[in-house]
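Below are the chains, spelled out letter by letter.
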Amino acid sequence: QVQLVESGGGLVQAGGSLRLSCAASGSAFSINTMRWYRQAPGKERELVAAITRGGTTNYVDSVKGRFTISRDSAKYTVSLQMNNLKPEDTAVYYCNINEYSSSEDYWGQGTQVTVSS
């Protein structure tokens, strides 16, 4: 079992920045792909950013150039640096990892990001 805990969410004005972090813990495990999803009110959950075991990154078009995903394999963490935030970025952000050996997906509890105009 793997537990994921997100932190760094909060309220920020448009144009501001936030940095989300997700820490993984549990028994012996290794991490394949790490992802950030978000779900806005009344909307379906969408993939925001992903980073592979080899460091390849991918972003949804709406955040390209503004968000940066990174990982620290030694610390079993993934972060999402969010710059130039817009009101449409308001959502609950969820950390997701795929465990390398079992291929199981694990989810964090979500952290609220609210961007005011």
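Scroll up for the structure.
These remarks concern the structure in this document. (Residues numbered from 1 in each chain as written. Predicted model: local features only at pLDDT ≥ 70, side-chain atom pairs only at ≥ 80, totals over all residues. Heavy atoms only, no water.)

1. Digging into the environment of Thr56
Part 1 of the argument: Here Thr56 is to be found in the loop between β5 (46-51) and β6 (57-59).
Part 2 of the argument: Sequence separation of Thr56 and Ser70 is 14 residues, and the distance between their C-alpha atoms is 9.7 Å. (Helix = DSSP H or I, 4+ residues; strand = E, 2+ residues; numbered from the N terminus.)

2. Remarks on the sheet that holds strand β1 (residues 2-7)
Part 1 of the argument: The four strands are arranged β1-β3-β8-β7 in an open sheet whose pairing can be described as antiparallel. If you trace the sheet from one side to the other, it starts and ends with β1 and β7 (67-72), each paired once. The mean inter-strand angle of the sheet, taken between neighbouring strand axes irrespective of direction, is 15°.
Part 2 of the argument: Here six bridges tie β7 to strand β8 (residues 77-82), and the two strands are oriented antiparallel to one another. In the sheet register, Arg71 faces β8, and the bridge partner there is Val78. (Pairing = 2+ DSSP bridges. Axes fitted to C-alpha atoms, helices over the stretch in contact; angles between N-to-C directions.)

3. Looking at the packing of aromatic side chains
Geometry of an aromatic ring pair is reported as the spacing of the ring centres plus the angle between the planes.
Part 1 of the argument: The full count for this structure, using the stated rule, is two aromatic pairs.
Part 2 of the argument: Arranged with centres 5.1 Å apart and planes meeting at 50°, the rings of Phe29 and Tyr76 form a pair that is tilted. With Phe29 in the loop between β3 (18-26) and β4 (31-39) and Tyr76 in the loop between β7 and β8, this residue pair connects regions lying 47 residues apart in the sequence.
Part 3 of the argument: Their ring planes at 50° and their centres at 4.9 Å tell us that Tyr37 and Trp107 sit as a pair that is tilted. Taken as a pair, Tyr37 in strand β4 and Trp107 in strand β10 (residues 105-107) lie far apart in primary sequence, 70 residues in all.
Part 4 of the argument: If you follow Arg45 out to its NZ or CZ, it ends over the ring of Trp107, 4.9 Å from the centre. (Phe/Tyr/Trp six-rings, centres within 6.5 Å; stacked < 30°, edge-to-face > 60°. Lys NZ or Arg CZ within 6 Å of the ring centre and 35° of its normal.)

4. As for the state of the cysteines
Part 1 of the argument: Under the criterion given, the structure shown has one disulfide.
Part 2 of the argument: Through a disulfide, Cys22 is tied to Cys95; the S-S separation comes to 2.1 Å. The chirality of the disulfide connecting Cys22 with Cys95 is left-handed, given an S-S dihedral of about -85°. Separated by 73 residues along the polypeptide, Cys22 in strand β3 and Cys95 in strand β9 (residues 91-99) bring together distant segments of the chain.
Part 3 of the argument: On the basis of relative accessibility, which here comes to 1%, the residue Cys22 falls in the buried class.
Part 4 of the argument: Under the relative-accessibility criterion, Cys95 is labelled buried at 0%. (Disulfide = S-S within 2.5 Å. Buried < 20%, exposed > 50% of the residue type's maximum accessible area, 1.4 Å probe, protein only.)

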